[in-house]
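# Chain and residue survey
Take a look at the letters that make up each chain.
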Amino acid sequence: MMTNNIFLKILSGEIPAKIVYEDDICVAFHDVNPQAPVHLLIIPRKVIRTHADIVPEDAPLLGHIHTVAAKLAKELGLNAGYRLVLNCDEQAGQTVPHLHFHLLGGRNMAWPPG
Ligand code: 5GP
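These lines cover the structure that appears in this document, whether it is placed above or below. These numbers were taken from a predicted model, which means no experiment stands behind them. All residue numbers refer to positions counted from 1 along the written sequence of the respective chain. Totals for whole chains, interfaces and linings use every residue, but because this is a predicted model, local features are given only for residues with pLDDT of at least 70 and side-chain atom pairs only at 80 or more, for both listing and counting. The basis for every side-chain value is the complete set of non-hydrogen atoms in the structure, without hydrogens or water.

## Concerning the sheet that holds strand 5 (residues 101–105)
Pairs of strands are assigned from DSSP output, requiring at least two bridges between the strands. Think of it this way: any DSSP run of H or I at least four residues long counts as a helix, any run of E at least two long counts as a strand, and we number them from the N terminus. Spatially, 5 strands are ordered 1-2-3-5-4 in an open sheet, and the strand pairing comes out antiparallel. The sheet is open, and its two edges are formed by strand 1 (19–22) and strand 4 (82–85), each paired on a single side. Direction aside, the axes of adjacent strands within the sheet are offset by 20° on average. Bridge count for strand 3 (residues 38–44) against strand 5 is 5 bridges, and the pairing is antiparallel. The residue of strand 5 that forms the bridge with isoleucine 42 is phenylalanine 101. Contacts are residue-level and defined by heavy atoms, with any inter-residue pair within 4.5 Å sufficient. Interaxial angle, 0 to 180 degrees, is taken between N-to-C directions of lines fitted to C-alpha atoms, where a helix line uses only the stretch in contact. Where helix 2 (residues 59–75) meets the sheet, its contacts fall on strand 1, strand 2 (26–30), strand 3, strand 4 and strand 5, and the angle it forms with strand 3 comes to roughly 155°.

This is the structure:
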């Protein structure tokens, strides 16, 4: 099911993406199938399959990604709010086996999520 890590191909430049931010630790790009007016994916360069595989040494990386998410949300004008989503494994709807945060904004959102 989750075998094709398409995000590795984006990281290597093998397939194109609309990249909005990148540094040594992470890359942020527009989701190909946006679910909100703003829908970015923020991924680590380090290969981490899913949230359940995070180890204590990943703490700085994760903190950094959150800092980048907050900075991008500000830059994109999401002053009214935004949602940061992480789907872990099949039951949560994860389809790409590379840790990623969805940064969604620009519309009202419902709770609970589907
Ligand atoms: P998940 O369902 O695993 O939490 O999220 C995977 C996300 O990756 C989906 O929102 C999907 O639209 C996005 N996605 C899948 N393949 C590609 C791609 O090749 N390029 C981009 N930019 N996004 C992709």
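What follows continues from the structure just given.
## A closer look at the pattern of salt bridges
In what follows, salt bridge is the name for a side-chain nitrogen of Lys or Arg lying within 4 Å of a carboxyl oxygen of Asp or Glu. Within the structure shown, the criterion is met by 5 salt bridges. Between arginine 45 and glutamate 22 there is a salt bridge whose closest N-O contact spans 3.0 Å. Note that arginine 45 is positioned in the loop between strand 3 and helix 2 and glutamate 22 in strand 1, a separation of 23 residues in sequence. Here arginine 49 makes a salt bridge to aspartate 53, at a shortest N to O gap of 3.3 Å. By relative accessible area, which is 36% here, aspartate 53 ends up partly exposed. When salt bridges with common partners are traced through the structure, they connect Arg49, Asp53 and Asp89 into a single cluster. Burial classification: accessible surface area is computed with a 1.4 Å probe over protein chains only, and a residue below 20% of its type maximum counts as buried, one above 50% as exposed, and the rest as partly exposed.

## As for the state of the cysteines
When the sulfur atoms of two cysteines come within 2.5 Å, that pair is taken as a disulfide. Counted by the stated rule, this structure contains 0 disulfides. Cysteine 88 carries a free sulfur, and the closest cysteine sulfur to it, the one in cysteine 26, is 20 Å from it. For cysteine 88, a relative accessible area of 26% corresponds to the partly exposed category.

## Some details on helix 2
One less than the number of residues in a helix, times 1.5 Å, gives the span that helix is expected to have. In a regular helix each residue adds 1.5 Å, so 17 residues correspond to 24 Å; helix 2 covers 24 Å between its end C-alpha atoms and thus fits that length. The complete set of buried residues in helix 2 reads Leu61, Leu62, Ile65, Val68, Ala69, Leu72 and Ala73. In an axial view of helix 2, the angular spread of the buried residues amounts to 135°, which keeps them on one side of the axis. In helix 2, those exposed residues whose orientation departs by more than 90 degrees from the buried face are Pro60, Thr67, Lys74 and Glu75. Along its buried surface, helix 2 packs onto strand 1, strand 2, strand 3, strand 4 and strand 5. Glycine 77 sits one or two positions beyond helix 2 and adopts a positive phi of about 80°. The arc in question is formed by the directions pointing from the helix axis toward the C-beta atoms.

## Looking at the environment of tryptophan 111
Along the chain, the position of tryptophan 111 falls in the segment after strand 5. The sequence separation of tryptophan 111 and lysine 74 amounts to 37 residues, and the corresponding C-alpha distance is 23 Å.

## As for the nonpolar core
Residues enter a nonpolar core if they are buried and are Ala, Val, Leu, Ile, Met, Phe, Trp, Tyr or Cys, with the set joined through side-chain atoms within 4.5 Å. Core analysis: the biggest nonpolar cluster contains 18 residues, and Tyr21, Cys26, Ile42, Ile65, Leu72, Phe101 and Leu103 have the highest contact counts within it. Elements represented by at least two residues in this core include exactly strand 2, strand 3, helix 2 and strand 5. Per-element tally for this core: the top contributor is helix 2, with 7 residues. With near-sequence residues (within four places) excluded, leucine 103 lies in contact with Val38, His39, Leu40, Ile42, Ala69, Leu72, Ala73, Tyr82, Arg83 and Leu84. Residues Phe7, Ile10, Leu41 and Ile43 belong to the second largest nonpolar core, which totals 7 residues.

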